[in-house]
Every structure is written in structure tokens, then in C-alpha cells.
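Understanding the architecture of this molecule
Take a look at the letters that make up each chain.
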Amino acid sequence: NEYRNMNIPGSTNLPGCEVTYRLAEVVKDPDTTIIINCAGRTRSIIGTQTLINAGVPNRVVALKGGTMNWQLSGFDLEYGSPRPVPPSTEEGRRVAAQRIRQVAETYHVRFVEPRTVAEWQADAANRTLYLFDVRQPQEYAAGHIPGAVSAQGGQLVQATDEYAAVRNGRYVLMDDDELRAIMTAHWLQQMGLPEVFVLKGGIAAAAGILGGLAATEADHREEGVVPGGIEAAEAARMLEDEPGILCLNVGASNRHREQHVPAAKWVVRSFLPRVRVQYPDAGHILLTADQEKLAALAAQDAQKLWPEARIDFIRGGTPAWMRAGLPFATGMPCALCPEDDIWYRPYTDIHASKASMQGYFDWEFGLVEKINADGCVAFDVKQR
């Protein structure tokens, strides 16, 4: 998504752990210089060091400041590029496997048998377990281990705290052939996570033991979160037949601006008590969000605030409404609270000011000093 948003013209999209996995498809000549860039600088550095760790013969360098610095330097960017991630070939995977297996040996990456993972799943109430599928989202959507979360390798390394809340939990990484999982695992180990494992044999080999393969379409619905959820088509009929329904979207404001149920007013969930003051006599409230779970939790809150009202939420949230092909609206015609729920990252915002970009760099370049002063963050730079 970030690459399609804006990228350096002519660049190739090889996100995260795909850079080693698919490099042989893109770079044929060992004398070719490889320049790695991201939107800012962190993943540029990680991607460059990843290839160095994998022993590629080429000269590999990180583009200082990535696309933001490119833009600040006065060069043009490309927007909305349709170029996909290059496909992998048997020969390319063979080359990648040689390099990545050496990384596994050098960094002592640990592997775990599927049956052991099944035992850990049974014990998950006592010991936190994370199952991360590090492949591309479309691969995950086609079929994945039930309970596994889609977390592209590079994003999992870049923003681990967005995926995992328990540092000392068990982390099991998986893909088709162990290769991308290995490259992700070797970074998480260096970051000091003590229990990082690669699923031995990959997803297909483990599927029979870990519950088969699930498709994303079956996962759109989170059954049993809160009683009272209704299908999108039923919600559409209700809104047409009952013009007095109070429809609230408690999802992210930027998603609401892109597309929302036409009748929906936008508000963050924590502002619902103030909405109660504005609409004390609401008799029927319909909630939606870009995540079903958020709408369901807001439905619980609303039932307490409007105990006499009928409260419903859309199963699958606003995405289910869109999948059903129902009419939608854009923009922000009605916000019931300030739009301060989102921090627009300067490296993903095509309208970001130069001051915002420079402020981001100033913050990032100061991180090493802050970490040294803090004294509680360890990063292992030694090859074991």
C-alpha cells in the first residue's frame, strides 16, 4: 500500500523479507549496485543489512531518508504505481534458499515442529502464543493456518508492538518454505525477543496438525463477539425503512472519509457518552466500523448508554457493506467529535509538509541517543 501510495520512479517493490526471497528474479548481475529504500529510513537500513547478512555479492546501500528525502531534495515521485511484487521462480527460490539457509545457521535460528505448536496452542491461556504468517497478504488470504495473523516480515520487524503486546511470549513465524520466516526470525532474535521460532516444514506440511487451511473470506466474520449483529443487506433495508435510525461509524476517520455507509455519522468510541447527550431519545442505533470487533464493542457501550434502545452492529463492519456492493458515501459530512484520532505519518501522507518530514527525521536520528540514555533496550549486533 505504501509503495502504491508513492514511490521512486522505476523502483521495484520488494517489501521486507521479500527482498532476499525474490532478489534473484530482479538482480541477475553480481556487479549491479542495489539501492534499498523505504518511505523513511528504518526499513531501508534493515533491508540493506538483510542482504548483507544473506551474503549477496553485490554492493548494497541504503538510500538515506528514503522517499521523503528524495522528495525534500526536489526529485519527483510516482503515485499509484500498479507494479506488483515480482513473482518468484524455481531458480530464484533455489538461490534464495542457499543464502537464507546460511543465515539460519549463522544466527542459530530456531525451528519448531507443528505438533509442539499444537501443544502450545492448548496452553495459550497460560503462556502467550503468537502465530505470524509473514507472507504477502494475498497469499495469506488464499489460505492460512487458523489463528495465524497476517504480518508481513518487514512490517513485523519495523512495528512489532503493533502486532504483539507480550514481549516474552512465544513467537511462531510461518510461510510456505521457511525462507521468509527465517529472515524475519533472525531480526526478531537480534531485537532481543527470547522465544522466536520458525514453523518447521512450512504451512502446507503443518496444516493437517494445526487445523487445516482457512481462507480470509471465512474470517471476515468474528462470530459470537456480541449478540445482535446483522448482515449488511439487512442493515441497508433497515436504514431505508426506518429513517430515524442513528447510524454511527466508530472506525478510523481516514477510512470513513474514503468510504462509509451513507447514513453514518462519524465519532470515536470514547465520545459515545457525549453522543448520548446529543441524541438522548434515539430508539434504534446501528454501529459500524472498519473492524467488526470495534463496532461490536461500541454496541456494548451503546446498550449501557441507551438501555431502552435497540442496538445493532453490522457484521463485518463497513468492509462487509462494501463487499455487498451497497451504495456508499465519501468525505466527512457529519463528525460528532474532533478528527484527532489519526496521526498522519509524513512518510505515507502525500500532502505532508516539508517541516513534517524534517521533524520525522530529527526524531528518528535522535533515537539512538535516547535508547542509550534509557538503558533498557538491548539490540544484539553480534553474529552468534
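Quick caveat: nothing in here was measured; it's all calculated off a predicted structure.

A closer look at the pattern of salt bridges
Under the defined criterion, the tally for this structure stands at 18 salt bridges. The shortest N-O distance in the salt bridge between arginine 22 and glutamate 139 comes to 3.7 Å. Of this pair, arginine 22 sits in the loop between helix H2 (18-21) and helix H3 (23-26) while glutamate 139 sits in helix H8 (residues 137-142), placing them 117 residues apart in sequence. Like glutamate 139, arginine 22 is buried.

Here's the deal with the sheet that holds strand E9 (residues 265-266)
Pairing is parallel in the open sheet, where 4 strands are placed in the order E9-E8-E10-E11. Edge positions in the open sheet fall to E9 and strand E11 (310-313), since each of these has one partner strand only. Bridge count between strand E8 (residues 246-249) and E9: 2 bridges; the pairing is parallel. Across the sheet, the residue bridging to asparagine 249 is tryptophan 266, located in E9. Here helix H16 (residues 292-305) sits on the sheet and contacts strand E10 (284-288) and E11; the angle it forms with E11, its principal contact strand, is near 170°.

Observations regarding helix H6 (residues 90-106)
The first and last C-alpha atoms of H6 sit 24 Å apart over 17 residues, in line with the 24 Å expected at 1.5 Å per residue. Listed as buried for H6 are Gly92, Val95, Ala96, Arg99, Ile100, Val103 and Ala104. Residues of H6 that are buried sit in contact with H2, H3, helix H4 (42-53), strand E3 (111-112) and helix H10 (179-190). Residue histidine 108 follows H6 closely and has a positive phi angle near 55°.

Overview of unusual backbone geometry
Non-glycine residue histidine 108 carries a positive phi angle of around 55°. Along the chain, histidine 108 falls in the loop between H6 and E3. In this structure histidine 108 comes out as partly exposed when scored by relative accessible area, which is 48%.

Looking at the sheet that holds strand E6 (residues 170-174)
Across the sheet, which stays open at both edges, the 5 strands sit in the order E3-E7-E6-E4-E5 with parallel pairing between neighbours. In the strand order of this sheet, the two ends are held by E3 and strand E5 (149-150), each with one partner. Where E6 lies against strand E7 (residues 196-199), 3 bridges are found, and the strand directions are parallel. Bridge pairing links valine 172 to phenylalanine 197 in E7. Its contacts with the sheet put H10 on E3, E6 and E7, and the angle it makes with E7 is roughly 175°.

Calculation rules
- Residues numbered from 1 in each chain as written.
- Predicted model: local features only at pLDDT ≥ 70, side-chain atom pairs only at ≥ 80, totals over all residues.
- Heavy atoms only, no water.
- Salt bridge = Lys/Arg side-chain N within 4 Å of Asp/Glu carboxyl O.
- Helix = DSSP H or I, 4+ residues; strand = E, 2+ residues; numbered from the N terminus.
- Buried < 20%, exposed > 50% of the residue type's maximum accessible area, 1.4 Å probe, protein only.
- Pairing = 2+ DSSP bridges.
- Contact = heavy atoms within 4.5 Å.
- Axes fitted to C-alpha atoms, helices over the stretch in contact; angles between N-to-C directions.
- Expected span 1.5 Å × (residues − 1).

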